[in-house]
Amino acid sequence: MDIMETIDKIGVTLTQTSKDIAKKAKDLVDVNTVKAAINDQKRVIAKAYERIGEQYYKDHVDAGIYEYEIEFETIGEANAKMKELYEQLHILKNVSVCPVCGASHSLDAAYCSKCGVKLNTEPVNTETPCEVKEEETEAAEEVKSEAEEVKSEETSQSDTEE
């Protein structure tokens, strides 16, 4: 064998090896892409389970169902601990939380920068996000009903003046 044949064989071997490596790399990328898509779907399912469980908890926590009593107590204790931790966090950050929308703001803010509600010296809202979502609706309804009462009072006053 002469040197040229040896170099050609080496060239063919290198070409084939590089093709094999490229195919294996592509296969590896494809496998990881599919695995990532599977994990994305697992997260979608886990989030749906979480929402189902959260709704079940909300619907049954006060119903006296003893089937999940330990879990309900665990959630209650964890919510209480989170409330304390949120309070510590707000103190450390030197912020307060809007009682309507839950947005953080400086302690000296007069109005909420997110929802515009007038802020006062109420205690810091240290509720967990789940509790805040429930109370956001209630608080918004209260603000709305208060506004409707004021509007109806103004309307009745203007009616009596005419």
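Within each chain, residue numbers correspond to sequence positions counted from 1 in written order. Selection of residues for local features in this predicted model requires a pLDDT of at least 70, selection of side-chain atom pairs for listing and counting requires 80 or more, and totals for whole chains, interfaces and linings are taken over all residues. Excluding hydrogens and water, the side-chain values take into account all heavy atoms of the structure.

Brief notes about the confidence of the model for the protein
When pLDDT is low, close inspection of the predicted coordinates is not appropriate. Definition in use: Summary of the metric used: pLDDT quantifies the predictor's per-residue confidence within the range 0 to 100. Secondary structure is summarised from DSSP: a helix means a run of H or I of at least four residues, a strand means a run of E of at least two, and numbering begins at the N terminus for each. Contacts between residues were defined by any pair of non-hydrogen atoms, one from each residue, lying within 4.5 Å.
For the protein, per-residue confidence averages 78 on the pLDDT scale, and residues scoring 70 or more make up 73% of the total. Across the protein, helix H1 (residues 3–60) holds the top mean pLDDT of 90, while helix H3 (residues 129–161) sits lowest at 52. In this model, residues 157–162 is a region of pLDDT below 50 whose contacts with residues beyond four sequence positions or in other chains number zero contacts.

Observations regarding the pattern of salt bridges
Where we set the bar: We define a salt bridge as a contact between a side-chain nitrogen of Lys or Arg and a carboxyl oxygen of Asp or Glu at a distance within 4 Å. In this scheme, a residue with accessible area under 20% of its type's maximum is buried, one over 50% is exposed, and one in between is partly exposed, where area comes from a 1.4 Å probe on protein chains only.
Inspection of every chain in the model, using the stated rule, returns six salt bridges. Measuring nitrogen to oxygen at the nearest pair gives 3.1 Å for the salt bridge that ties Asp27 to Lys23. Of this pair, Asp27 and Lys23 both sit in helix H1, separated by four residues, roughly a single helical turn. Residue classification places Asp27 among the partly exposed positions, given a relative accessible area of 33%. For Lys23, a relative accessible area of 52% gives the class exposed. A salt bridge links Glu84 to Lys81; the nearest nitrogen and oxygen atoms lie 3.9 Å apart. Of the two residues, Glu84 and Lys81 are both situated in helix H2 (residues 69–93); the distance of three residues between them amounts to about one turn of the helix.

Here we look at H2
Since one α-helical turn is 3.6 residues long, residues separated by three or four positions face the same way. The following threshold applies: To estimate how far a helix should extend, the number of its residues minus one is multiplied by 1.5 Å.
Given a rise of 1.5 Å per residue, 25 residues ought to cover 36 Å, and the 36 Å separating the end C-alpha atoms of H2 matches this to within 8%. Taken as a whole, H2 has its buried residues at Phe72, Asn79 and His90. Asn94 sits one or two residues past H2 and shows a positive phi near 55 degrees.

Focus on the packing of aromatic side chains
Quick reminder of the rule: Ring pairs shown here join Phe, Tyr and Trp side chains whose ring centres sit within 6.5 Å, with only the six-membered ring taken for Trp; geometry is labelled stacked below 30 degrees between planes, edge-to-face above 60, and tilted in between.
As enumerated under the stated definition, the model contains three aromatic pairs in all. Look at Tyr56 and Tyr68: their rings are 5.6 Å apart centre to centre, the planes differ by 80 degrees, and that puts the pair in the edge-to-face class. Within this pair, whereas Tyr56 is found in helix H1, its partner Tyr68 is found in the loop between H1 and H2, the two being separated by twelve residues in sequence. Overall, the relative accessible area of 33% leaves Tyr68 in the partly exposed class. Taking 5.2 Å as the distance between ring centres and 80 degrees as the angle between the ring planes, the aromatic pair formed by Tyr57 and Phe72 counts as edge-to-face. Of this pair, Tyr57 sits in helix H1 while Phe72 sits in helix H2, placing them 15 residues apart in sequence. Of the two residues examined, Tyr57 and Phe72, each falls in the buried class. Here the aromatic cluster, defined as three or more aromatic residues joined through ring pairs, consists of Tyr56, Tyr57, Tyr68 and Phe72.

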